[in-house]
Amino acid sequence: MSEAAATDHATTTGMSHNKLAMWVFLGSECLLFGALISTYLVYRGRFATGPAPGDIFDIPFTSVSSFVLLMSSLTMVLALSAIKRGDLRNNRIWLLTTALLGSLFIGGQVYEFTTFFREGLGYTTSPFSSAFFTLTGFHGVHVSIGILMLMSMFISSLRGSLRKEHSETVEIIGLYWHFVDIVWIFIFSVIYLVPSPTS
Amino acid sequence: MSTDTAPTDVAVDDSNVDDHDHPSDSKYFQIALILGVLTALEVATYYVDIGPALIPILMVMMVAKFFIVAAWFMHLRFDNSLFTKFFVGGLILAVAVYVIALSAFEFWSKG
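Residues numbered from 1 in each chain as written. Chains lettered and ligands numbered in written order. Predicted model: local features only at pLDDT ≥ 70, side-chain atom pairs only at ≥ 80, totals over all residues.

1. Some points on the overall build of chain A
Then, in step 1: When you go through chain A residue by residue, the secondary structure sums to seven helices and zero strands.
Then, in step 2: Along chain A, helices (α) and strands (β) appear in the sequence α-α-α-α-α-α-α when read from the amino end.
Then, in step 3: Taking the principal axes of the C-alpha coordinates as reference, chain A spans close to 70 × 35 × 25 Å.
Then, in step 4: Across the 199 residues that make up chain A, the buried fraction comes to 45%.
Then, in step 5: Look at the contacts in chain A between residues 6 or more apart in sequence, and 84% of them connect residues 24 or more apart. (Helix = DSSP H or I, 4+ residues; strand = E, 2+ residues; numbered from the N terminus. Buried ≥ 20, exposed ≤ 12 C-beta atoms within 10 Å, placed from the backbone. Contact = placed C-beta atoms within 7 Å.)

Here it is as C-alpha cells:
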C-alpha cells in the first residue's frame, strides 16, 4: 500500500477517532456541569444566616477574570494555528501564554475563595455556599487540568517531540480548553450577572 | 519473508486526518474582539438598569458567545458534522434533563 493511500484511510470512518472521543467526552461534560449549575440555581436562595450571593459577589473582579479566560481561548487557537504552519517557536509562545492566562484565572479564583471565606462563607455554611463552591471548584479543577496538559505539551515541544505532524494533539487539548471557557461563559452570566438574592 | 508488514516504530502522522481549512490568525483576532465586546456589554448590564429585559438580553449574549467559541475556536463550523451532532446531542440532553429537574423543584415559579 502506498504511503498516500495509507494516510487517506488512517481510520475506518475517515475521521479522527481521537477527536471524536474528545467531542463525546465534552458532550458528557455538559451533563456534569448542567447538574452543578442546576443545583446552584435551586439552592442560591438558601443561605440561612450566612452571606447571600448578592452581598459577596465582586462583579468587577470576576469580569476581569472572565476576560482573561476568554482571551486564553484566543491564545490557544493561535498555538494551534502556529503548529499547523510548522511554526514551533510561536506554538511554544502561545501554549505558554495560554497556560499563564489560565494560571492567572486560577489565582483569581483562589483569591475570591479566600475573600469569601474571610467574610464568613465556608463550604458548609449554607446550601448556597456548598453549591457555589462545588460548581466553581469543579470548573477550577478543569482549568487546572488544562494547564497541566498545556505545560506537558510545552515541555514536549522543548524536547522536540511535539512537531507539525502532531498538530491534532494540540487541537484536541485545545477543544478541552475552549470547552472550559464555554462553561465559564455560562457560569459568569447565570451565577454572577443574573441578579442574586441579598440578605 | 513478507515485506508488506506495517512498521510499528514509525511516528504516527495525525496532521492529515480530518484536515480542513482553518481561519487566518487575523480572523481569530476579530472573533476575540467580538467576544470581548459582548463580555463588556454583559458587564455593562450590571451597572445600567434595563429592567425586565435584563435576563433575556444576558441569555442572548451568553448563547451568542457560546456559539461563536464553538463554531470558530473549536472549528465546528469547518469540521465533520458528526462532531457537532455528538456535542449538541449532549448539550440538548443536558438542557432537557435539567429544565425538567428545575421544574420539579418549582424553580420557574419560586425562583
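Next comes the rest of the write-up.
2. Looking at the domain arrangement of chain B
Then, in step 1: When cut into domains, chain B gives domain 1 (23-79) and domain 2 (80-111).
Then, in step 2: Here the C-alpha centroids of domain 1 of chain B and domain 2 of chain B sit 20 Å apart. (Domains from an automatic or database assignment.)

3. Things to note about the interface of chain A and chain B
Then, in step 1: In this complex, chain A contributes 46 residues to the contact, which on the side of chain B involves 45 residues.
Then, in step 2: For the side of chain A that touches chain B, the secondary-structure elements that each account for two or more residues are α2 (17-43), α4 (59-85) and α7 (167-193) of chain A.
Then, in step 3: Top element by residues in the side of chain A that touches chain B is α2 of chain A. It accounts for 14 residues.
Then, in step 4: Among the residues forming the side of chain A that touches chain B, the class breakdown is 24 nonpolar, 16 polar and six charged. (Nonpolar A, V, L, I, M, F, W, Y, C, P; charged D, E, K, R; others polar.)

4. Focus: helix α5 (residues 88-118) of chain A
Residue and element names in this part refer to chain A.
Then, in step 1: End to end, α5 covers 45 Å across 31 residues, agreeing with the expected 45 Å (1.5 Å per residue, within 8%).
Then, in step 2: Listed as buried for α5 are Asn91, Trp94, Leu95, Thr98, Ala99, Leu101, Gly102, Phe105 and Phe116.
Then, in step 3: Check the buried side of α5 and you find it contacts α3 (53-56), α4, α6 (127-158) and α7.
Then, in step 4: The positive-phi residue at the C-terminal boundary of α5 is glycine 120, with phi of around 100°. (Expected span 1.5 Å × (residues − 1).)

5. Topic: the packing of α4 of chain A against α7 of chain A
Residue and element names in this part refer to chain A.
Then, in step 1: Remark: α4 packs on α7, axes separated minimally by 10 Å, with the N-to-C direction vectors making an angle of 160°. With respect to their mutual orientation, α4 and α7 come out roughly antiparallel. Between α4 and α7 the crossing geometry is left-handed.
Then, in step 2: Looking at the contact of α4 with α7 residue by residue, the class counts come to 13 nonpolar, seven polar and three charged. (Axes fitted to C-alpha atoms, helices over the stretch in contact; angles between N-to-C directions. Parallel < 35°, antiparallel > 145°, perpendicular 65-115°, else oblique. Left-handed = near helix turned anticlockwise from the far one by under 90°.)

6. Quick word on the nonpolar core
Then, in step 1: Of all hydrophobic cores here, the largest spans 68 residues; its most connected members are Tyr40 and Ala79 of chain A.
Then, in step 2: Of all elements in the fold, only α2, α4, α5, α6 and α7 of chain A together with α1 (25-47), α2 (54-73) and α3 (81-104) of chain B reach the threshold of two or more residues within this core.
Then, in step 3: The element best represented in this core is α7 of chain A, accounting for 17 residues.
Then, in step 4: Counting contributing residues per domain, this core is built from domain 1 (23-79) and domain 2 (80-111) of chain B, each supplying no fewer than three.
Then, in step 5: Here tyrosine 40 of chain A is in contact with Ala131, Phe132, Leu135 and Ile191 of chain A, once residues within four sequence places are set aside. (Core = buried A, V, L, I, M, F, W, Y, C linked by C-beta atoms within 7 Å.)

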